Amino acid sequence: MSAPRTGRTSPRWLLPGELAALDAAGAPQRRTVRDWVVDASLFAAAALVGLSVWSEDPPYYAEAVPAWMLAADPWVGAAACLALWWRRRFPIALAVALVPALYVAGTAVGATMVAVLTVAVRRDWLPATLATAGYLVPAVIFGAAHPAPGTGVFASVAIVGMMYLVPLGWGMATRARRQLIASLRRDAERERQEHRRRLADARRGERERIAREMHDVLAHRISLLSVHAGGLAYRTAQAEAGVGRPLDAAEIGQAVEVIRDAAVRALDELGEVLAVLRTDGGDGRERVAPQPRLADIPRLVAEARAAGQRVSFEMECAPGAAEALRPATQRTVYRTVQEGLTNARKHAPGAQVAVRVDAGPVTGVVASVSNPLPVTPTGDLPGAGAGLTGLAERVALDGGTIEHGVADGSFRLTTRLSWPT
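Residues numbered from 1 in each chain as written. Predicted model: local features only at pLDDT ≥ 70, side-chain atom pairs only at ≥ 80, totals over all residues. Heavy atoms only, no water.

1. Some points on the overall build of the protein chain
Thought 1: The helix and strand tally for the protein chain stands at 12 helices and five strands.
Thought 2: Scored against the burial criterion, the 421 residues of the protein chain give a buried share of 35%.
Thought 3: Counting only contacts in the protein chain whose residues sit at least 6 apart along the sequence, the fraction spanning at least 24 positions is 69%.
Thought 4: Within the structure as shown, the protein chain displays about 23600 Å² of accessible surface, and the carbon and sulfur contribution to it stands at 63%. (Helix = DSSP H or I, 4+ residues; strand = E, 2+ residues; numbered from the N terminus. Buried < 20%, exposed > 50% of the residue type's maximum accessible area, 1.4 Å probe, protein only. Contact = heavy atoms within 4.5 Å. Areas by Shrake-Rupley, 256 points an atom, 1.4 Å probe, with all protein chains shown as cover.)

2. Focus on unusual backbone geometry
Thought 1: The backbone of aspartate 408 shows a phi angle near 55 degrees, a positive value even though the residue is not glycine.
Thought 2: Mapped onto the secondary structure, aspartate 408 falls in the loop between β4 (401-407) and β5 (410-417).
Thought 3: Overall, the relative accessible area of 82% leaves aspartate 408 in the exposed class.

3. Regarding the pattern of salt bridges
Thought 1: According to the stated counting rule, one finds 18 salt bridges in the structure shown.
Thought 2: For arginine 190, the salt bridge is made with aspartate 187, and the minimal N-O distance between the two is 2.1 Å. Remark: aspartate 187 and arginine 190 occur in helix α7 (residues 153-240); sequence separation between them is three residues, near one turn of the helix.
Thought 3: Looking at arginine 190, the relative accessible area reads 48%, which means it is partly exposed. (Salt bridge = Lys/Arg side-chain N within 4 Å of Asp/Glu carboxyl O.)

4. Notes on the packing of aromatic side chains
Thought 1: This model, assessed by the stated rule, comprises three aromatic pairs.
Thought 2: Consider the rings of tryptophan 36 and tryptophan 85, whose centres lie 6.3 Å apart with planes at 40 degrees: the pair is tilted. Here tryptophan 36, found in helix α2 (residues 33-54), pairs with tryptophan 85, found in the loop between α3 (67-82) and α4 (91-104); they are 49 residues apart in sequence, far enough to count as distant.
Thought 3: Between the aromatic rings of tyrosine 135 and tyrosine 164, the centroid separation amounts to 5.8 Å while the plane-to-plane angle is 20 degrees, which identifies the pairing as stacked. In this pair, tyrosine 135 sits in helix α6 (residues 125-145) while tyrosine 164 sits in helix α7, placing the two residues 29 residues apart along the sequence.
Thought 4: Taking relative accessible area as the criterion, tyrosine 135 reaches 0% and is therefore assigned buried. (Phe/Tyr/Trp six-rings, centres within 6.5 Å; stacked < 30°, edge-to-face > 60°.)

5. With respect to the sheet that holds β4
Strands belonging to one sheet form pairs held by backbone hydrogen bonds; the direction of such a pair is parallel or antiparallel.
Thought 1: With respect to topology, five strands assemble into an open sheet ordered β1-β2-β3-β5-β4, the strand pairing being mixed. Two strands bound the open sheet, and with one partner strand each, they are β1 (311-317) and β4. Going from strand to strand, the sheet's axes swing by 10 degrees on average, the running direction of each strand aside.
Thought 2: Bridging between strand β2 (residues 353-360) and strand β3 (residues 364-372) involves seven bridges; their strand directions are antiparallel. Residue pairing in the sheet places arginine 356 in a bridge with serine 368 of β3.
Thought 3: Of the strands in this sheet, β1, β2, β3 and β5 touch helix α11 (residues 327-347), which is tilted by about 5 degrees from β3. (Pairing = 2+ DSSP bridges. Axes fitted to C-alpha atoms, helices over the stretch in contact; angles between N-to-C directions.)

6. Overview of the environment of glutamate 316
Thought 1: Considering the arrangement of structural elements, one finds glutamate 316 in strand β1.
Thought 2: Relative accessible area serves as the criterion here: at 49%, glutamate 316 is assigned to the partly exposed category.
Thought 3: Sequence-wise, glutamate 316 and aspartate 358 are 42 residues apart; in three dimensions their C-alpha atoms are separated by 4.9 Å.
Thought 4: Once residues within four sequence positions are removed from consideration, glutamate 316 is found in contact with Arg356, Val357, Asp358 and Ala359.
Thought 5: Looking at glutamate 316, its side chain comes within polar contact range of the side chain of arginine 356, at 3.5 Å. (Polar contact = N/O pair within 3.5 Å; in protein donor to acceptor, adjacent residues only side chain to side chain.)

7. A short note on helix α12 (residues 387-397)
Thought 1: Within α12 the residues assigned to the buried category are Gly387, Gly390, Leu391, Arg394 and Val395. Looking straight down α12, one finds that the buried residues subtend no more than 140 degrees of arc, so they occupy a single side. Away from the buried face of α12 by more than 90 degrees, exposed residues Ala396 and Leu397 are located. (Arc of directions from axis to C-beta.)

8. Description of α2
Thought 1: Taking 1.5 Å as the rise per residue, α2 with 22 residues should run 32 Å; its terminal C-alpha atoms sit 32 Å apart, in good agreement.
Thought 2: Among all positions in α2, only Asp35, Asp39, Leu42, Ala46, Gly50 and Val53 are buried. Axial view of α2: buried residues confined to an arc of 70 degrees, hence all on one face. What points out from α2, more than 90 degrees from its buried face, is the exposed set Val37, Leu48 and Leu51. (Expected span 1.5 Å × (residues − 1).)

Have a look at this one:
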């Protein structure tokens, strides 16, 4: 649902129909109260001009026109004024129809002035100029040949010219202003839509970031917990089948303690993730829990070994690497090793895993985890399948590259990040 429109300084009934229609997208354009007032005022003005021309008895041009034309003059002028009520729907047709009316009736001059104004407001400059010329040329010729009493030829021509050029300029200025207002409103609407789109993208990005952090933290811990629980269940089943030694109380207690510790660590790390992703409302400062760094990778490998995973580990870092690398880069390296160990534990249990981390100005930062493919696929530990996708997004944000796939019977995960200059 779109946000309510704000910032309009005038009520709808005071706006022209063209601008009021912008506030009701898809609604047909109708005359507003302002339009009715303007139409009535222009009709009255055209009628008053016609009455002022006919008020002279006889009109000053009576001797220059035939008798039949003089008799039809007031009727043609009245019809021209009445036709102005359709000026909004048919501006060009009205302007063309009033050309012969001007040749017949001097009382139609007010209606022709309104027709020029209408075409200039509602159409482009070319049809407005042509319509004005259609009235201006015969009016100037007639005014020069038959000037009004008390005026000379030049004054009569100037008056006739102003009668049509002023409505033309006024209409063009009004049209330009309305087009500017409509353009500003469209720009404002586009800006509102763009703002809503940016908000939606920000919310989606935040959800993806939360999901990525949650996966990186919980997948590793829960897989460790599942391995310990699975081992306990296997030993218990073997004992019940009579093919293994029953677990004594000390072994059960030790296994339960390991499972409990893994669950507690999972909850602690989940709390750290949430602390990073939220801002404390007390003092307005963000409480950032310590994030994993290069120095935490050996501890990660040790935890995997304690869970029974066979891991060979090599790590070569240039002096000062921990200080030279950004925290985000170190966290990405840590997440690479964590994701590789988790995948190996889930999809190749019992396989030998090789972990290597190199960090230096020459090689950059390279982290790789590889393990042989299992002889038979295993599906004991389900997953969302989003770990590598989230890791790829994280690496891309850090300006690095990621490679993963099967080669020579082993699955290999490698990320490469640049060394800071």
